[in-house]
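Structural features, examined
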Amino acid sequence: MRIISLNANGIRSAATKGVFEWLRAQDADVVCLQETKAQEAQLSDPMFRPDGHHCFYHDARSKKGYSGVAIYSKREPDEVRVSLGREDFDCEGRYIEARFGNLSVVSFYIPSGSSGDERQQYKFRVMEWLTPILREWAASGREYVLCGDWNIVHTRNDIKNWTSNQKNSGCLPEERAWLDLLFKEIGWVDSFRAIKPDAVEYTWWSNRGAARANNVGWRIDYQIVTPGMGARARECAIYRDERFSDHAPYTVDYAE
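Residues numbered from 1 in each chain as written. Predicted model: local features only at pLDDT ≥ 70, side-chain atom pairs only at ≥ 80, totals over all residues. Heavy atoms only, no water.

**What about the packing of aromatic side chains?**
Filter applied, for reference: Pairing of aromatic side chains requires ring centres within 6.5 Å, counting the rings of Phe and Tyr and the six-membered ring of Trp. Pairs whose planes differ by under 30 degrees are stacked, by over 60 edge-to-face, and all others tilted. A run of DSSP states H or I qualifies as a helix once it reaches four residues; a run of E qualifies as a strand once it reaches two. Both are numbered from the N-terminal end. Using a 1.4 Å probe on the protein chains alone, a residue whose accessible area is under 20% of its type maximum counts as buried, one over 50% counts as exposed, and one in between counts as partly exposed.
Scanning the entire structure with this criterion turns up 16 aromatic pairs. Ring geometry for Tyr95 and Phe108: centres 5.9 Å apart, planes at 45°, overall tilted. Separated by 13 residues along the polypeptide, Tyr95 in strand 6 (residues 95-100) and Phe108 in strand 7 (residues 103-109) bring together distant segments of the chain. Judged by its relative accessible area of 1%, Tyr95 falls in the buried class.

In structure tokens:
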């Protein structure tokens, strides 16, 4: 079972850069997108409904051209959920979940705090609010794959400039401690680290300077999974050969 996660930084922009042609060649079972930056009514072109896939969008209601998540799946889900019950989060289009039997695949877009202290404090509140939800999911007996842009690096190997970013959103000690909580206490598994414990690879590069050319990056895009799915994770890849977005697609192959 192949699952791909990508922050598209605008699905219409990514489309012009060939993302749908690339996705077609990947033959993924599920694709999770973040930052679609479009209302579904603006996506009438058939390319936004890839052949053979069931397509579900959750747009930001708070403002147009902002945030938004999507899931494409070969198999029709038993159920699709788009609300976690917190309006200021739900209205920004940051969560969509497709349920297939005992498996849930989620496309998450965790808020960024890089625009200033107000959004950073909101990010902290969202992290605190999500913690009991993630505890509940982990203890539910369901298998979960939580795809998405979490806007947080975890360890030194996940960011090029570790020391100089300690006071910057996405690398703050409080944010990394939250991932410690998820992985070490609650029991979630970072699929990338399950497969490549010591690898130094990134999924996002700033558009400023020559960050991508010089590989000055951050690994902030994840497939965070329940232990059962972690045990089934066989191969993973961060695709950099083409540039669809400021993020790279992250693919994981799971044993059936």
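More follows now that the structure is in view.
**Let's talk about the UniProt feature "site: Interaction with DNA substrate" (unreviewed entry) in the chain**
Counted only if it meets this: UniProt positions are given in the numbering used here, feature names are shortened, and annotations may be inferred rather than shown by experiment. Note on contacts: a residue pair qualifies if any of its non-hydrogen atoms lie within 4.5 Å across the two residues.
As annotated in UniProt, the feature "site: Interaction with DNA substrate" (unreviewed entry) corresponds to His247 in the numbering used here. Secondary-structure assignment places His247 in the loop between strand 13 (233-238) and strand 14 (250-254). Taking the relative accessible area as the measure of exposure, His247 reaches 4% and is therefore buried. In this structure, His247 is in contact with Leu6, Asn7, Asp149, Thr203, Trp204, Trp205, Arg212, Ile220 and Asp221, ignoring residues within four places of it in sequence.

**Regarding the UniProt feature "active site" (unreviewed entry) in the chain**
Keep this limit in mind: N or O atoms closer than or at 3.5 Å make up a polar contact, with two conditions inside protein: a donor-capable atom paired with an acceptor-capable one, and, for residues adjacent in sequence, both atoms drawn from side chains.
Following the UniProt record, the feature "active site" (unreviewed entry) maps to Tyr109, Asp149 and His247 here. A maximum C-alpha distance of 12.8 Å places the annotated residues, which cover 139 residues in sequence, within one compact spot. Tracing the chain through its elements places Tyr109 in strand 7. Taking the relative accessible area as the measure of exposure, Tyr109 reaches 9% and is therefore buried. Beyond its immediate chain neighbours, meaning those up to four positions away, Tyr109 contacts Asn7, Gln34, Glu35, Ser67, Val69, Phe89, Arg94, Asp149 and Asn151. For Tyr109, the side chain forms a polar contact with the side chain of Glu35, separated by 3.4 Å. Checked against the element boundaries, Asp149 lands in strand 8 (residues 143-149). A distance of 2.9 Å separates polar atoms of two side chains, one belonging to Asp149 and the other to Asn7.

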